[in-house]
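Residues per chain are reported as follows:
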Amino acid sequence: MEEWIKLYEKKTKTKFEPNPRGTIMFYPERGFAEIGSTKDMIIIGQLSGDAKFWKQTAEIMAKERGFTHLGTWCIRNIKAYMKFFGAEIERIEDAGEGYERYHCRLKDTGKPALFSPTAINSAGNVVYMVTWQI
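The paragraphs below set out a description of the structure included in this document. (Residues numbered from 1 in each chain as written. Predicted model: local features only at pLDDT ≥ 70, side-chain atom pairs only at ≥ 80, totals over all residues. Heavy atoms only, no water.)

**Topic: the pattern of salt bridges**
So, point 1. Tallied over the full model, the rule gives six salt bridges.
So, point 2. E3 is paired through a salt bridge with K6; the nearest N and O atoms lie 3.8 Å apart. Taken together, the positions of E3 and K6, both in helix α1 (residues 2-12) and three residues apart, correspond to about one turn of that helix.
So, point 3. Accessibility expressed as a relative area gives 57% for E3, which makes it exposed.
So, point 4. Under the relative-accessibility criterion, K6 is labelled partly exposed at 45%.
So, point 5. In this structure, the salt-bridge partner of R30 is D50, at a minimum N-O distance of 2.5 Å. (Salt bridge = Lys/Arg side-chain N within 4 Å of Asp/Glu carboxyl O. Helix = DSSP H or I, 4+ residues; strand = E, 2+ residues; numbered from the N terminus. Buried < 20%, exposed > 50% of the residue type's maximum accessible area, 1.4 Å probe, protein only.)

Below is the structure:
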């Protein structure tokens, strides 16, 4: 776990601080992810490792609970993140203060995804709230 945390801190340029509202799941070969939920959505928090594995894991957890949406935050390059997860931009909305909100569709499922700027983190990166339908 310690090596995955070091990698997280190196890539994000932020300190890893566990969120008490989430549960840390850890697989040495896959990394770790903080997983939490609202009343109708699984939320993936801080993550280091195989992001596609953790996305699939969270989708399974959501389906088991009858949820139709997932959420996470992205603090890295948002367009690279969209490409990595196969999100195609359908519409760009002005989110104010020079930021953009991206309305997308996931190539693998055809379902919608929304990428909304929400804050600036301690490393100076834009934090996007990402939600998608499963």
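**Brief notes about the pairing of strand β4 (residues 69-74)**
So, point 1. Alignment of strand β3 (residues 41-49) against β4, held across four bridges, turns out to be parallel. Opposite I42, over in β4, you have L70 as the bridge partner.
So, point 2. Handedness of the crossover joining β3 and β4 through helix α2 (residues 51-64): right-handed. (Pairing = 2+ DSSP bridges. Right-handed = clockwise from strand over helix to strand, strands pointing away.)

**A look at α1**
Because an α-helix packs 3.6 residues into every turn, residues spaced three or four apart end up facing the same way.
So, point 1. Three or more residues of α1 are buried, namely W4, Y8 and T12. The buried side chains of α1 occupy one side of the element, clustering within an arc of 50° when seen end-on. Exposed and facing more than 90 degrees away from the buried side of α1 are E2, E3 and K10.
So, point 2. Against β1 (23-27), β2 (31-37) and β3 lie the buried residues of α1.
So, point 3. Just downstream of α1 lies K13, where phi reads positive at about 60°. (Arc of directions from axis to C-beta. Contact = heavy atoms within 4.5 Å.)

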